Structure formats: C-alpha cells, structure tokens
Amino acid sequence: MGRLTPENLERARAIVALYPERRSALIPLCHLAQSQEGWLSPEAMEDVAVLCGVTPAEVRGTASFYDMLHTEPVGRHVVAVCTNIACLLAGAYELIEHAEKHLGVSVGQTTEDGEFTLEEAECLAGCDIAPCVQVNHRFFGPLDGPGFESLTAELRAGRLAELVPRHGVLCRVERNVSLPARDAASPGSPAAAGEENR
Amino acid sequence: MITEAPRIVTARLDHEDSYTLDRYLATGGYEGLRAALARPTAEVRAEVDKASLLGRGGAGFPAGRKWSMLRPADITYLVINGDESEPATFKDHLLVERDPHQVVEGTIIAAYALGVAQAFIFCRGEFALGLERLTQAVNEAYAHGALGADVFGSGWSLDLVVHPGAGAYICGEETALLESLEGKRGFPRIKPPYFPAAIGLYGAPTVVNNIETVSNLPWIIRNGGEAFAALGQGSSTGTRLFALSGRVERPGWYELEMSKVTFDDLINHPSLGGGVKGGKALKAFIPGGVSAPWFGPEHLSLGLDQDAVGKAGSMLGSGSVVVMDETTCVVRAAWRITRFFHRESCGQCTPCREGSGWLEKILRRLEEGDGREADLDLLMDACDNIAPGVSWPPQQTTICVLGPSIPSSIASGIRMFRDEFLLHVKEGGCPMRGAR
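Residues numbered from 1 in each chain as written. Chains lettered and ligands numbered in written order. Predicted model: local features only at pLDDT ≥ 70, side-chain atom pairs only at ≥ 80, totals over all residues. Heavy atoms only, no water.

Draft legend 1. Fine view of the overall build of chain B. Helix and strand content of chain B: 18 helices and 10 strands. Taken over the C-alpha trace, chain B has a radius of gyration of 22 Å; the compact-globule value for 436 residues is 22 Å, and the two agree within 12%. Along the longest, intermediate and shortest principal axes, the C-alpha atoms of chain B span 75 × 45 × 35 Å. Considering chain B as a whole, with its 436 residues, one finds that 64% of them fall into the buried category. (Helix = DSSP H or I, 4+ residues; strand = E, 2+ residues; numbered from the N terminus. Rg over C-alpha atoms; globule rule 2.2 N^0.38 Å. Buried < 20%, exposed > 50% of the residue type's maximum accessible area, 1.4 Å probe, protein only.)

Here's what the structure looks like:
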C-alpha cells in the first residue's frame, strides 16, 4: 500500500505530459495519489516526487501548504462545515457545535469508526445555500442540526455513494485527449496563424 | 432601477442541461469563436477594447489593456483564474458548473486574440463538480474541433488544460496562482514586474483572466463590443454577475446591468434579494467581498458601479454583496473575516502574517468579554502597521494585497459602530448573543 498503483502510474504519466514543465503536475498528481487511500502517504509522495523531478521533501513542503491535501490519514468522509461570513450569518457556528456533539469529535478529529473527519472550512463559494457543508468536496446546504444528522446517517448507510465518492476522488471525468496542437506544431512556429496576423 | 438588459453570461442557466454541448450548440455556442476566427486577431482585440470590459476577478482592470501589455515572445501563455475564494463570492463556481462550454469558448477566443498556443484553466480544487464539467467540456470541445490542431479549419492551433487547485485563497492572486500552477506553494511573487504579461508562467509572458471575464467574450464577439459598451454607464460597461448572501430573503446570483441597478434594488427588490430577512432593519452591507470596507444604509442608493463605489470609499471587488441586519454582531463579523485572513496569509510578509494574528486575538477577546477599552486603539494601531493611514485604497506594505485588505472590515466596524465595540467591553462580552 502507499505506492501508486500501475493504473495510476499510467494516469500520472499522462498528466505529466500535459505540462510544459513536469513540476506543474505536482498538485494534480497529489490529488491522484490522494484518491487511492484518501490521504497522501509518504510512499505516494515519493512516487509523485520521482514523476515531477523533485525531492519527496519538496512534495511534502508543497502539499502541506494546501488545505485539500492531507499528509495524515482522514476518515472516509471529510465533512467540511463553512463558517465564513455568509455561513456565519446563517448559523454556521450553531451547526458546527451541533456537528461536534452529534459526531462526538472536535473540529480536526476523526470519529472512532473512521467514517467522518470534521473540518471547519473557509468560504466554499456556496453562500446561496448557507450554511453549507462539503462532504468529500460535494456540496450540501442549507443545513440545520436535524439536516446534518440525516445527512450523516445517509452517508453512513452508503446511500449517497454515487454522489459522494470516497475522500480524495476529485474529478471523475478523465481527460481523453493528449495535446494535438503541440504535437502538430512544427518547431519554430509555435503560435502558428495566431502570431502571423498580430 | 431594474433594467431590461440581456443576460449575457447566464443566458443558458434556466435550462437544466445548460452544461451540455448539445444545449450549448443549440443556443449559439461556439458561434462567437467561429466569428472570431474569421477575423484577424487585431480586430478581435479591438472589439474587446470597444466593449471596455473590466476584469471581473476583483481588481476591475480593463481586460483589453491587460491584453495589450502582453510582451511579444515565441512562447506566451493564457491562464484563466477560476480559483474563486473571496468569501461570499460564488459566481465563477456557478459558471464552471452550469456553463462550462461558455468558459471554454471564451478562453479559446482570448487565446486566439492573443496568439497563444497553450492555455490553462486553473479551477478551484473544491469545485469537484466544476472540474468534472470543465474536463467534460474540454474533451467535447476537442472532439468538436474547437480545440487542438487547426481549430475549426482556421490553421490556428490551441491546447487547453484544466488544472485543479488544492485549497488556498492566496492562489487567486495571479502571481501566486502561477507559482501554484508551476507546482509550488502559492507564494505571491515580488513586484516588479507588476504584471505576468511581462514575466509570467515559466518566466514567459502570460495573460491571466478571470472566469467571468472570458465568459463575456462569446457574446461580445457575436453582438459587438459597442452593444456591450451600450450597457451600463461610464467605465462600468455590460452586465455583471452579483452574488448576494447574508441576512437577506433571497440569497443567490443575479446578473444585472452595471451602474444602473442600485444596491437598494439588489437587496430589496422583490425579484432580487427580496429585502432583509424577516423584515429586520439593515445594519450594514459589504459591497464587494470581505476585502472591501463596509457600507451602511446611507449607501443603498449607490449604483452597482465600479467608480461610484470606489469614490464612496469601498470597492465593487468580486461582485459579492453580504447583508448584515440589526441582529448581527459586528465584532463577531469583523473577527470572523480577520480570522479568515490570518488562516489564509501565506506567511511571507511580517505585517500580514503577524498583524492578522494580533487582530484576530484582540477581536476574539472583545467578543468573549475579555476586552478593554484600549483595545479599540490597539486594533487601529495594528491596522495602521499593516496599511499605514488605514485609508482606502490601502497603502501597500507587503508583496501582495492580501495583508493591506485586512484592516478594511475592522476599520469599517470601528468607524461605523464604535459604541457597539465599547459595549462589548462594558458588558463583558457580546450584547447580541442569543439575538437570533
């Protein structure tokens, strides 16, 4: 466990090929690695480092800057409650207090059964459905206490599995083309017609 | 005044399937691109100049002028900024999920106008559905001939890559966004150079445009820059997508003609915001994202106009309006906004990194009843160290504008509601607690 699977290694190489410089693939590859186990294991970060031509420390140093990339294990469902201004005005702190009580954990902790990690999020751009919650980056809202309880019950029962993939799985649509323009461009005329009539 | 202006970027959104290629093609999709490709790039740029399209990301810089600054070079890039994270802003979120082909077509038109061969759409990572819809749209655009080698038989070629972010407000700052796209921490770059148009992605000249900005381009090419400029008035042309939230009956997105529609219309008109929630009194509102100084009821008559809002001491910013009512505690609101900046400060510059933490701590103790009267002066003093003079627009002390934006909410709060801050000291805590 931990290493990128052969299928994901292949995907990773296709992603690297999309960028003029391979380090640019670092964050997309971290997302890919995170889709395997829900978090970024040290082994996966080593694989990402090799693919991007950097050291594992550079991968960790970069990944740790970003809220979405987890370098420690998380629950199957990462529940992020937004408490920023629009959600605050709609009762987000009451909601997060309720969530803590209901799940029996504090913000930042994971339930004992590994189902839920509770997070307090910054604005998720769901202010029209405030207070809003993301579960594995899928939106729910507006939510009150009872709404939160039924949402977690549905998740626990696996009834939302289609809508909410496991944590780490971000984009389930794969790019199906390489870069035909770059392939077609002959050396010396990178911008082709667009440059000529400038 | 509510006007009959056409909906430009949300025209398709009443359709359930607005994100599909079929719907897009049935509603004029990719016709703007075809029309653009039939004209020399200089004419396309001139059309956008005529539209006087202001950038919709927050700074409101004229898009045409930004384009004109692109330094000629063998390799240049176009990067679309979809890292929408300004609190209470959710317009780009809407556009990538509900009309991704419009984003893609706008990007292609911009790339053609600039003579760029490689473009990226940097989409906020938390928009999982948006990433799926954008990726699908890009796949379909390639299959449709709108991307790749020889776009629509024009002889011009373009590759477009959808790039996911990973959660950092600062990556909305264009140089931080480029760092992130290069696979690094989102640290804003030292200026000068002030614009990536000189030195951008991988050191190459790069134009960075916002999602909503490029979403306007298909319409502008189809209808002409003059038709766009005929909407709104002064420098605020066209329509704009406003995001309304907070203590209001009908929070949501509203595409409105700039300048002519007022904040009063947006917040109170039955067809728009529908008034303050529960018939309560309006206390204050934020006119353009949490980096903007607050307004009071006396500013309701202002038009949704970049210059007018600027002259009144704030900014239209990202087009997000947050309503606070009589039950809202302004200390708590200012604290939460400051906490956001503290969490999102990248940490490079001392005034921002340290100042945001100090301010958050002081506001928290005021709210929790451990404040003292001298805290008000201390807050303003710390604000003054981050942005000397605490004026508007703020003085810069840091690499990027995040830090100097922090004092906005605090200074507004204290200036408008000093008594309420003092009441927190006198009563040993928040007097509004339990008001809701």
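Once you've had a look at it, read on.
Draft legend 2. The overall build of chain A, seen in detail. A tally of regular secondary structure across chain A gives nine helices and four strands. Seen through its C-alpha atoms, chain A measures out along the principal axes to roughly 65 × 45 × 30 Å. Here chain A has roughly 8,600 Å² of accessible surface; of this, 52% comes from carbon and sulfur atoms. In chain A, the 16 positive side-chain charges and the 28 negative ones have mean positions that sit 6 Å from each other. (Areas by Shrake-Rupley, 256 points an atom, 1.4 Å probe, with all protein chains shown as cover. Lys, Arg positive; Asp, Glu negative; His and termini not counted. Charge placed at Lys NZ, Arg CZ, Asp CG, Glu CD.)

Draft legend 3. How the structure looks around the pairing of strand β1 (residues 77-82) of chain A. Residues and elements named next belong to chain A. Taken across its six residues, β1 has six buried, putting it largely inside the fold. Where burial is concerned, the two faces of β1 agree: the one with His77, Val79 and Val81 and the one with Val78, Ala80 and Cys82 are both buried. Across six bridges, β1 lies against strand β2 (residues 116-121) in parallel orientation. Pairing of Val78 across the sheet is with Thr117, part of β2. With three bridges connecting them, β1 and strand β3 (residues 133-135) associate as antiparallel partners. Opposite Val79, over in β3, you have Val135 as the bridge partner. (Pairing = 2+ DSSP bridges.)

Draft legend 4. Highlighting the pairing of strand β2 (residues 118-123) of chain B. Residue and element names in this part refer to chain B. Buried residues dominate β2, accounting for six of its six residues. By the alternation rule, side chains of β2 split into Gln118, Phe120 and Phe122 and Ala119, Ile121 and Cys123, which are all buried. Where strand β1 (residues 77-82) and β2 come together, six bridges link them in parallel fashion. From the neighbouring strand, Leu78 faces β2, where its bridge partner is Ala119. Direction of pairing for β2 relative to strand β3 (residues 159-164): parallel, over a ladder of six bridges. The residue of β3 that forms the bridge with Phe122 is His163. In the classification by handedness, the crossover that spans β2, the intervening helix α7 (residues 128-144) and the parallel β3 is right-handed. (Right-handed = clockwise from strand over helix to strand, strands pointing away.)

Draft legend 5. Quick peek at the sheet that holds β3(A). Residue and element names in this part refer to chain A. Strand order across the open sheet formed by four strands is β2-β1-β3-β4, with mixed pairing between neighbours. Strand pairing shows two members of the sheet lacking a second neighbour, β2 and β4 (138-140), which therefore form its edges. Going from strand to strand, the sheet's axes swing by 25 degrees on average, the running direction of each strand aside. Of the strand pairs in this sheet, β3 and β4 are connected by three bridges, and their pairing is antiparallel. For Val135, the partnering residue across the bridge sits in β4 and is Arg138. Seen against the sheet, helix α6 (residues 92-103) touches β1, β2 and β3 and runs at an angle of roughly 165 degrees to β2. (Axes fitted to C-alpha atoms, helices over the stretch in contact; angles between N-to-C directions. Contact = heavy atoms within 4.5 Å.)

Draft legend 6. Expanded view of the sheet that holds strand β8 (residues 252-257) of chain B. Residue and element names in this part refer to chain B. Overall, mixed pairing links the four strands, which are arranged β8-β7-β10-β9 in an open sheet. The outermost strands of the open sheet, each flanked by one partner alone, are β8 and β9 (282-286). Sheet twist, expressed as the average angle between the axes of neighbouring strands with direction ignored, equals 30 degrees. Bridge count for strand β7 (residues 239-246) against strand β10 (residues 320-325) is four bridges, and the pairing is parallel. Bridging across to β10, Ser245 finds its partner in Val322.

Draft legend 7. Structural detail: the state of the cysteines. Residues and elements named next belong to chain A. According to the stated counting rule, one finds zero disulfides over all chains in the structure shown. Between Cys30, a cysteine without a disulfide, and Cys52, which holds the nearest cysteine sulfur, the sulfur-to-sulfur distance is 7.3 Å. Overall, the relative accessible area of 3% leaves Cys52 in the buried class. (Disulfide = S-S within 2.5 Å.)

Draft legend 8. Layout of the pattern of salt bridges. Residues and elements named next belong to chain A. If you walk through the whole model with that rule in mind, you get 37 salt bridges over all chains. Among the salt bridges present, the one from Arg76 reaches Glu115, with a minimum N-O distance of 3.2 Å. Placement of Arg76 in the loop between α4 (56-63) and β1 and of Glu115 in the loop between α6 and β2 is noted, with a sequence separation of 39 residues between them. On the basis of relative accessibility, which here comes to 43%, the residue Arg76 falls in the partly exposed class. Overall, the relative accessible area of 12% leaves Glu115 in the buried class. (Salt bridge = Lys/Arg side-chain N within 4 Å of Asp/Glu carboxyl O.)

Draft legend 9. Geometry of unusual backbone geometry. All names here are of chain B. Lys191 connects to Pro192 through a cis peptide bond whose omega is -10 degrees. Examined against the element boundaries, Pro192 turns out to sit in the loop between α8 (174-181) and β4 (206-210). At Tyr202, a position not held by glycine, the phi torsion is positive, near 50 degrees. You can see Tyr202 is positioned in the loop between α8 and β4.

Draft legend 10. Inspection of the packing of helix α2 (residues 26-37) of chain A against helix α3 (residues 42-52) of chain A at higher detail. Residue and element names in this part refer to chain A. α3 packs onto α2 with a crossing angle of 150 degrees between their chain directions and a minimal axis gap of 10 Å. Regarding the angle of α2 to α3, the classification is roughly antiparallel. The interaxial crossing formed by α2 with α3 has right-handed handedness. Contacts between α2 and α3 involve Leu26, Leu29, Cys30 and Ala33 from the former and Ala44, Val48, Leu51 and Cys52 from the latter. Considering only residue class, the contact of α2 with α3 consists of eight nonpolar, no polar and no charged. (Parallel < 35°, antiparallel > 145°, perpendicular 65-115°, else oblique. Left-handed = near helix turned anticlockwise from the far one by under 90°. Nonpolar A, V, L, I, M, F, W, Y, C, P; charged D, E, K, R; others polar.)

Draft legend 11. Expanded view of the domain arrangement of chain A. Taken as a whole, chain A is organised into domain 1 (6-70) and domain 2 (77-156). With centres defined by C-alpha atoms, the gap from domain 1 of chain A to domain 2 of chain A works out at 28 Å. (Domains from an automatic or database assignment.)

Draft legend 12. Representation of helix α1 (residues 6-16) of chain A. Residues and elements named next belong to chain A. Of all the positions in α1, only Asn8, Ala12 and Val16 are classed as buried. In an axial view of α1, the angular spread of the buried residues amounts to 80 degrees, which keeps them on one side of the axis. α1 presents Pro6, Glu10 and Arg13 as exposed residues on the side facing more than 90 degrees away from its buried surface. Those residues of α1 that are buried are in contact with α2 and α3. (Arc of directions from axis to C-beta.)

Draft legend 13. Quick look at the packing of aromatic side chains. Counted according to the given criterion, the structure contains 17 aromatic pairs over all chains. Seen in terms of ring centroids, Tyr19(A) and Phe120(B) are 5.8 Å apart; in terms of plane orientation they differ by 5 degrees. Their pairing is stacked. Highlighted residues: Tyr19(A) in the loop between α1 and α2 and Phe120(B) in strand β2, drawn from two different chains. Plain terms: the ring middles of Tyr93(A) and Trp335(B) are 5.9 Å apart, the flat faces sit at 45 degrees to each other, and that makes the pair tilted. (Phe/Tyr/Trp six-rings, centres within 6.5 Å; stacked < 30°, edge-to-face > 60°.)

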